[in-house]
Amino acid sequence: MSAGLPVRAEHLDHEYEAEGERVQALVDVAFQVAAGERLTVVGPSGSGKSTLLTVLAGLQRPTGGRVLVGDQDLTALSETELVTLRRQHLAVVVQDPRRNLLPYGTAVDNVRFAQRPAGRGVRRRDPIELLRSLGLDAVAHDRVDRLSGGERQRIAIAAGLALDPDVLLVDEPTSALDARSRDEVLDLLERVAGEGATLISITHDRVVADRLGGVLVLDGGKVVAP
Ligand SMILES: Nc1ncnc2c1ncn2[C@@H]1O[C@H](COP(=O)(O)OP(=O)(O)OP(=O)(O)O)[C@@H](O)[C@H]1O
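Reading guide: rules and limits
Residues numbered from 1 in each chain as written. Predicted model: local features only at pLDDT ≥ 70, side-chain atom pairs only at ≥ 80, totals over all residues. Heavy atoms only, no water. Helix = DSSP H or I, 4+ residues; strand = E, 2+ residues; numbered from the N terminus. Rg over C-alpha atoms; globule rule 2.2 N^0.38 Å. Buried < 20%, exposed > 50% of the residue type's maximum accessible area, 1.4 Å probe, protein only. Contact = heavy atoms within 4.5 Å. Pairing = 2+ DSSP bridges. Near = heavy atom within 4 Å. Polar contact = N/O pair within 3.5 Å; in protein donor to acceptor, adjacent residues only side chain to side chain. Areas by Shrake-Rupley, 256 points an atom, 1.4 Å probe, with all protein chains shown as cover. Nonpolar A, V, L, I, M, F, W, Y, C, P; charged D, E, K, R; others polar. Axes fitted to C-alpha atoms, helices over the stretch in contact; angles between N-to-C directions.

Looking at an unreviewed UniProt entry, one finds the protein chain named Putative ABC transport system ATP-binding protein and attributed to Amnibacterium kyonggiense.

See the structure below:
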């Protein structure tokens, strides 16, 4: 099982240019998360949370600064090296569980599908054992499109863990869920963090931040409170 990797952001800046206008989405953002610890990024709409997540996931290069996952600087890697690093060490669960999952497949199918990337150095979790460890054995063989939003979100997180990532990045894990489903997703994320992976979540929900801890507050692209 993964022991997690530390993640460090140094002087991160990100600027978008759209229709001749420049938007400074991240301004000198810096933090460090130790291996196996949690970081929960909160902030109002437009504060730069999604931008930070995509930069930390290596899906977007920042216009300034560095991101270190373990001792590797994501911003210095080639596209090919980034693909390899992502496959071996990172997983991203995006906001809408339908975008993470094959709707007509079962939970087991979805974990297996997430394991398609082959190659050396890629660890695989046994799908049945993984779903059982996350308390999802009862729905392991159910079609995803017949499950509740909360169950789908938990399966999306399970699929994120299919390759035993060292760092799990989760975008708004509880949006559009009722309070009970939200608690179940949070129980699961706490279990994931207890297993060893470094957990980085973004949320606008203060309840989520209070439960997960390790809060970093963004506003206007800047860190305004650790
Ligand atoms: N592709 C883009 N092109 C131009 N500007 C962008 C782009 N993506 C985001 N922005 C701008 O960058 C700033 C930060 O956006 P970002 O989506 O990172 O914030 P956020 O905190 O995730 O917001 P939300 O909670 O609404 O998703 C905003 O001003 C936004 O309009």
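Caption draft 1: A look at the overall build of the protein chain. Along the backbone of the protein chain there are eight helices and ten strands. Computed over C-alpha atoms, the radius of gyration of the protein chain comes to 17 Å, within 12% of the 17 Å expected from 2.2 N^0.38 for 226 residues, which places it in the range of a compact globule. C-alpha atoms of the protein chain, sized along the principal axes, occupy 50 × 40 × 35 Å. Sorting the 226 residues of the protein chain into buried and exposed places 50% on the buried side. The long-range share in the protein chain, meaning contacts at least 24 apart out of those at least 6 apart in sequence, stands at 70%.

Caption draft 2: Representation of the environment of V33 within the structure. As for its position among the elements, V33 is in strand β2 (residues 21–33). Sequence separation of V33 and D109 is 76 residues, and the distance between their C-alpha atoms is 32 Å. Among all residues touching V33, those that are not within four sequence positions of it are P6, V7, R38, L39, T198 and I200.

Caption draft 3: The pairing of strand β4 (residues 64–69), seen in detail. Sheet analysis places strand β1 (residues 7–18) next to β4, joined by five bridges and oriented antiparallel. Paired with A9 across the two strands is V67, which belongs to β4. The pairing of β4 with strand β5 (residues 72–73) spans two bridges and is classified as antiparallel. Note that in β5 the partner of V69 across the bridge is Q72. In this structure, the hairpin formed by β4 and β5 is closed by a connection of two residues, where G70 is found at a positive phi of approximately 65°.

Caption draft 4: Local environment of the site of the ligand. Around the ligand, the surrounding shell consists of Y16, A18, V23, A25, P44, S45, G46, S47, G48, K49, S50 and T51. Here G48 contributes a backbone N or O atom positioned 3.1 Å from an oxygen atom of the ligand. At a separation of 2.8 Å, an oxygen atom of the ligand approaches a polar side-chain atom of S50. Protein chains shield 59% of the accessible area of the ligand, which is 630 Å² for the free molecule. Secondary-structure elements contributing two or more residues to the shell around the ligand are β1, β2 and α1 (49–56). Considering every element that reaches the shell around the ligand, the biggest residue donor is α1, with three residues. Within the shell around the ligand, the residues separate by chemical class into five nonpolar, six polar and one charged.

Caption draft 5: Region of the structure containing the sheet that holds β4. Reading across from one edge, β2-β1-β4-β5 is the order of the four strands in this open sheet, with antiparallel pairing throughout. Both outer strands of the open sheet, β2 and β5, are each paired with one neighbouring strand and no more. Across nine bridges, the pairing between β1 and β2 is antiparallel. Looking at the pairing, Y16 lines up with V23 of β2. The strands touched by α1 are β1, β2 and β4; relative to β2, the strand with the most contacts, the crossing angle is about 60°.

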